[in-house]
Amino acid sequence: MPEISKSYEPRDVETKWYAAWQEAKCFAGVAAPGQETYTIVIPPPNVTGILHMGPVLNTTLQDALIRRARLEGKAACWIPGTDHAGIATQTMVEKHLKKTEGKGRRDLGREEFLKRVWTWRDEKGDHILKQLRELGCSCDWDRTHFTMDPGYSKAVLASFVKLFAKGHIYRGKRMVNWCPVSLTALSDEEVEMRPTKGHIFRLRYELVEPSATTDADGNVVPLTHLILETTRPETIAADVAVAVHPSDARYTHLVGKSVWRPLGERVQIPVIADEAVDPAFAAGALKVTPAHDKVDFEIGQRHRLPVIDALNADGTMNEFAGPELAGMERFAARKKAAEILQERGNLIEAKPYENNVGHSQRAGVPIEPRLTQQWWLRYPHVEEAKAVVRDGLIQMHPERWSKVYLNWLENIQDWCISRQLWWGHRIPVWYAKGVDREKLTEADLRDPTKIHVSLDGPSDPENWIQEDDVLDTWASSWLWPFATLGWPDADAQAKAGFNQFYPTTTLATGADIIFFWVARMIMAGLEFAKPGAPVEERIPFKHVYFNGIVRDKQGRKMSKTLGNSPDPLDLIVKYGADGLRFGLLQIAPLGQDVKFDEDRIESGKGFCNKLWNACRFRQMSGPMSDNSSLAAILARLDPAHFDDDDHAILAALLDTTRTLEKSFADFEFAGATQRLYSFFWNDFCDWYVEVAKTRVQDPLAKDHALAVQDLVIRQFLLLFEPFAPFITEELWSLLGYAPADKRFLQDTRLETAEALAAAIAARGTPIDPAAAGRVEQLKQVASLARQLKTEQSVPQKRDVKFFVLAHQAEWLALEKNAAKLARLVGAADIGRTTDKLALPAVVTPLGTLFLDTGVKIDSAAERTRLTKELDTVTKHIAGTEARLANEAFTSKAPPAVLEGARRQLADQRAKAAELQRLLSALV
RNA sequence: GGACCCUUAGCUCAGUUGGUUAGAGCGUUUCCUUGACAUGGAAGAGGUCACUGGUUCGAGUCCAGUAGGGUCCA
């Protein structure tokens, strides 16, 4: 048996075991026929990403779940992989190209550019997956997927073809969110509303025919201009009307008249009436610019107005913006437009203004509403997707997120799935040569002579041109739970065990992608996986666990751009992977955000060290007997030597086991880690191991006492492994828990609390639940004795003498434990007295304890001390008496509570009486 | 504007169906290097559980409102 070193050094242990696990294929997701499965698909990180604290938390949770499932004997399968992350990756490579070669993607052409992206991916991709190994993640690496792999791509294209065939996909010219930096359309979900400071411009539009109106006092006043306000004067040249509310009495007589457009070509534009105008905003008139605003576009549609597009794709103004602005960048043009309007007398004032402006989540710039041809998806199975969550087939943890989910589905809009990018799945649509794509009608889309939609393309490719656009990244990742299990290829599905592992069990992710990903996966699962099967077999997962967001000390989200995320690999070096994992989970309550605190990670490391040393001490305490199975250890227990401490620690062990069972069922990881911590540190190390030292020195009791420790440590390692796989594996091996044929901890099944209790009982020693109470009394005696020493300024180590004044029953309880107690409190001896002694004293549940300090008692100090104690007790007595005197309480409180209060009162009264006697005995 | 979350010790946070004197880690004070661990042990200090009202025999916990902080949707 190798000796355990003085302190835990994680790094070597981690590398050694991870290699061994991989070598032995410990993480392979393989299900025996009929075996219960537990499947998790990893939220695929960006292929070029690196590990940050968010994914550390997220993957640690998944690893804990999957490892626990393995220990429970389930076929656990954790599927890893990465996402090609269309815009993010393309942007990254474009930047790199610009920097190193001074070229843009168009300089290279599509094919060459894509080659570069693949090279980039091959060189720098999957880094994050390697980092997950450092963390100890037990993914089935042989199942690693990438959303651009051939098999996965086939799934993506197949899903498009299927949805197109069913009429869910159409092409349409609509207002989209346009990113002028990435030069692509974005889905609504990729647009982030940000409060943005700018100006609002109050303008006058001159009426072609001057008119009149009535003012607030009823006087008729001349009206030569319409007043309106806009934040975007640069688009005025694209105005096609001015709208007022139909019931706005100030302007009804103007409807049908015209105003002069103040910028661009000097033309007349009509005044129209539309319900969408808010008469309370500004002066109640609205400039209508259909090309550059969603509401304006809708107004334009209703009134059959023309559309003038004054912007280029890259956000610069075109010739329709007027000669003064053409070619300018949009924000410069805004300034310029204001200047021109000022000169022409159209600008009344420019006021500072803050409003919400849609920004591209990726590029961080304001998006432009833009009218373009795009591919759209009408979501399939929307109603069913609501039902599966409402009916609990899919459970969200915490449950409240289901409301957010349902609310989104209630207001769902068609999904713009095309992107004007190159890096992604090129849409499997071919246009017949000569067909004008801009003018395709709904009927044309269904005409196979004009449009070809298939996986493999047309048989006569020379007559067709493929669509340039690629699919939104999320239109590939929404297939993740089944495309990673071989869908849609039957052979691949059989090989991957699709039927056993789908539906997956738990999805662990952040609530920030509930719309992007979670909701869409549910709809995709219902649509594609196991067609025709009952709904519970089509859903992609049964549980969704939303982990919190890891924030920095100031509460800010950790992000690359802020640079406020510590490098997890540094933390692993500093505290060990187990320390990092355990520390992080301690502060990750169910679905609450976590403010990262490195101290907690340090405490995680400290806990590992404590475990390490406890095991080291066990090894030093005596020979390691047969630990190779639960039965072997149980056989070493001697029912004749079972004492209260054994009963109490085993009861706590069972309770901890039970707590962990519940914690895992409820996804309460913080509760689980806290229980493990307090059980091992407080119950086991601080008390049990300490009191057992006495028995370990007794040749008769030694074997039994060590067997109890071995039993506790064994079960603890099994419970702890999902959180700290490395140190537990190492100790499992060092302490001889691994039988010859089962080398790894994961090869042993975790006993349930019930099974373990039964196994212990079968040894003839059922756990005595009353023992814990007696041990608790002893703990109090020890604590009070130490307190007394501290108060009397007696150094801890000094072996003083205690006397106890106690009734026979109390004395017997004490006497039985006198040796332990003496060791615990640092006493040479604990003797009995039948009289009050002129010594400092403390009243304990097992009698009055006198401390022989060897110096003369300071009566005044002692009186003060006892009086203070008596005051406290008296206060409590008064409180309890008042409660018990309340008839409402005694008649309504449950018996257990009542009984507790009565006992407490009796105890406190006895204590008060004793304190009074001690006081009166003081000279 | 709608929805949700948070507010507990100096700091970061637990506190699961309401029930004795509200807990942990870090920090802090005093003592201890006694053969597992100073990455440790012992003893302490530190909290009107944001505020107001309500329900209840009993509220950190349930309800309503207020204030402050945060998130999502429009």
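Above this text you will find the structure in question.
Analysis parameters
Residues numbered from 1 in each chain as written. Chains lettered and ligands numbered in written order. Predicted model: local features only at pLDDT ≥ 70, side-chain atom pairs only at ≥ 80, totals over all residues. Heavy atoms only, no water. Pairing = 2+ DSSP bridges. Helix = DSSP H or I, 4+ residues; strand = E, 2+ residues; numbered from the N terminus. Axes fitted to C-alpha atoms, helices over the stretch in contact; angles between N-to-C directions. Contact = heavy atoms within 4.5 Å. Polar contact = N/O pair within 3.5 Å; in protein donor to acceptor, adjacent residues only side chain to side chain. Salt bridge = Lys/Arg side-chain N within 4 Å of Asp/Glu carboxyl O. Buried < 20%, exposed > 50% of the residue type's maximum accessible area, 1.4 Å probe, protein only. Phe/Tyr/Trp six-rings, centres within 6.5 Å; stacked < 30°, edge-to-face > 60°. Lys NZ or Arg CZ within 6 Å of the ring centre and 35° of its normal. Parallel < 35°, antiparallel > 145°, perpendicular 65-115°, else oblique. Nonpolar A, V, L, I, M, F, W, Y, C, P; charged D, E, K, R; others polar. Arc of directions from axis to C-beta. Core = buried A, V, L, I, M, F, W, Y, C linked by side-chain atoms within 4.5 Å. 1 Å grid on protein atoms, 1.4 Å probe; cavity = no way out; pocket = protein on both sides within 12 Å on 5 of 7 lines; lining within 4 Å. Points joined across faces, edges and corners; volume = space filled by probe spheres on them.

**Q** Tell me about the sheet that holds strand S26 (residues 800-805), and name the residues and values.
**A** Read from one edge to the other, the open sheet built from 4 strands follows the order S27-S26-S29-S28, with strand pairing classed as mixed. In the strand order of this sheet, the two ends are held by strand S27 (827-833) and strand S28 (841-844), each with one partner. Here the strands of the sheet are splayed against their neighbours by 25° on average, with no regard to which way each runs. Pairing of S26 with strand S29 (residues 847-852), which is carried by 5 bridges, proceeds in the antiparallel orientation. For Phe802, the partnering residue across the bridge sits in S29 and is Leu851. Running at roughly 165° to S28, helix H32 (residues 895-921) makes contact with S26, S28 and S29 of the sheet.

**Q** Before we move on, could you go through the side chain of Asn318 and cite the residues and values that matter?
**A** If you trace the backbone, Asn318 turns up in the loop between helix H8 (294-302) and helix H9 (330-344). Here the side chain of Asn318 touches Asp309 through a polar contact of 2.9 Å, landing on its backbone oxygen. Contact partners of Asn318, with chain neighbours within four places excluded, come to Asp309, Ala310, Leu311, Asn312 and Ala326.

**Q** Go over the pattern of salt bridges, please, and point to the residues and values.
**A** Within the structure shown, the criterion is met by 59 salt bridges. Across the pair Lys351 and Glu229 runs a salt bridge, and its minimum N-O distance is 3.1 Å. Taken as a pair, Lys351 in strand S13 (residues 347-360) and Glu229 in strand S8 (residues 220-230) lie far apart in primary sequence, 122 residues in all. The exposure class assigned to Lys351 is partly exposed, which follows from its relative accessible area of 26%. What makes Glu229 buried here is its relative accessible area of 10%. Glu881 is the partner of Arg909 in a salt bridge, and the nearest nitrogen-oxygen pair spans 2.6 Å. Taken together, the residues Arg909 in helix H32 and Glu881 in helix H30 (residues 859-885) connect sequence positions 28 residues apart. Within this structure, Glu101, Lys103, Glu112, Lys115 and Arg116 form a network of salt bridges that share partners.

**Q** Which residues make up the side chain of Arg695, and what values go with them?
**A** Its location among the elements puts Arg695 in helix H23 (residues 669-696). Given the relative accessible area of 11%, Arg695 is considered buried. Beyond its immediate stretch of four places on either side in the chain, Arg695 contacts His641, Asp643, Asp646, Tyr688, Ala701, Lys702, His704 and Ala705.

**Q** Summarise the packing of aromatic side chains; cite the residues concerned and give the values.
**A** Under the criterion given, the structure shown has 45 aromatic pairs. A ring pair is formed by Tyr545 and Phe669, whose centres lie 5.5 Å apart and whose planes are at 85°; its orientation type is edge-to-face. One end of the pair, Tyr545, is in strand S23 (residues 541-547); the other, Phe669, is in helix H23, and 124 residues separate them in sequence. Among the residues examined, Phe669 registers a relative accessible area of 1% and is labelled buried. Joined through ring pairs, the aromatic side chains of Tyr379, Trp408, Trp415, Trp478, Phe482, Trp487, Phe498, Tyr502, Phe515 and Phe528 make up one cluster. Here the basic side chain of Arg133 rests over the ring of Trp141, its NZ or CZ set 3.9 Å away from the ring centre.

**Q** Go over the sheet that holds S23 with me, naming the residues and quoting the values.
**A** The sheet built from 3 strands is open, its strands ordered S15-S23-S22 with parallel pairing. One side of each edge strand has no neighbouring strand; the edge strands of this open sheet are strand S15 (395-397) and strand S22 (504-510). Averaged over neighbouring strand pairs, the angle between their axes works out to 20° when direction is ignored. In the sheet, S15 pairs with S23 via 3 bridges, with the strands oriented parallel. Looking at the pairing, His397 lines up with Tyr545 of S23.

**Q** Describe the pairing of S29, and please don't skip the residues or the numbers.
**A** With respect to burial, S29 is a largely interior element, 5 of its 6 residues being buried. Note that S28 and S29 share 4 bridges and pair antiparallel. Paired with Ala841 across the strands is Phe850, a residue of S29.

**Q** Which residues make up the packing of helix H3 (residues 86-101) against helix H5 (residues 110-124), and what values go with them?
**A** As a packed pair, H3 and H5 sit with axes 10 Å apart at the nearest point and diverge in direction by 100°. By the criterion of interaxial angle, the relationship of H3 to H5 is roughly perpendicular. Residues Thr89, Gln90, Met92, Val93, Glu94, His96, Leu97 and Glu101 of H3 pack against Phe113, Arg116, Val117 and Trp120 of H5. Classifying every residue of the contact of H3 with H5 by side-chain character gives 6 nonpolar, 3 polar and 3 charged.

**Q** Describe H8, with residues and values.
**A** Taken together, the buried positions of H8 are occupied by Asp296, Phe297, Ile299 and Gly300. Looking straight down H8, one finds its buried side chains confined to an arc of 160°; they lie on one side. Those residues of H8 that are buried lie in contact with strand S5 (169-179), strand S11 (268-273), strand S12 (285-288) and strand S14 (368-377).

**Q** An account of the pairing of strand S7 (residues 191-214) is needed here, citing residue identities and associated values.
**A** With 13 bridges joining them, S7 and S13 adopt antiparallel strand pairing. By the bridge assignment for S13, Lys197 is matched with Glu354. Taken together, the 10 bridges between S7 and S8 define a ladder with antiparallel strand orientation. Counted as the bridge partner of Ala212 is Pro222 from S8. Counting the residues in the hairpin turn of S7 and S8 gives 5 residues, including Gly218, whose phi is positive at 90°.

**Q** Account for the nonpolar core, naming residues and giving values.
**A** Of all hydrophobic cores here, the largest spans 175 residues; its most connected members are Leu479 and Phe723. Counting residues per element, this core draws most heavily on helix H17 (residues 514-528), which supplies 11 residues. Apart from residues lying up to four places away in sequence, Leu479 is in contact with Tyr152, Ala155, Val156, Ser159, Trp487, Ala524 and Phe528. Counting 39 residues, the second largest nonpolar core, distinct from the first, contains Leu228, Val242, Val271 and Ala310.

**Q** How would you summarise the environment of Asn46 if you had to cite specific residues and measurements?
**A** With respect to the helices and strands, the residue Asn46 is situated in the loop between strand S1 (37-41) and helix H2 (53-71). Classification of Asn46 by relative accessible area gives partly exposed; the value is 28%. With 100 residues separating them along the chain, Asn46 and Phe146 place their C-alpha atoms 9.7 Å apart.

**Q** Describe empty space enclosed by the protein, naming the residues involved and giving the relevant values.
**A** Inspection of every chain in the model, using the stated rule, returns 2 cavities of 30 Å³ or more. What the largest cavity holds in volume is close to 60 Å³. For the largest cavity, the full set of lining residues is Val156, Ser159, Phe160, Leu163, Ile169, Leu377, Ile417, Leu471, Ala475 and Trp478. Looking at which element gives the most residues to the lining of the largest cavity, the answer is helix H7 (residues 150-165), with 4 residues. By residue class, the composition of the lining of the largest cavity is 9 nonpolar, 1 polar and no charged. For the second largest cavity, the calculated volume is near 30 Å³. Class assignment for the residues of the lining of the second largest cavity results in 7 nonpolar, no polar and no charged.

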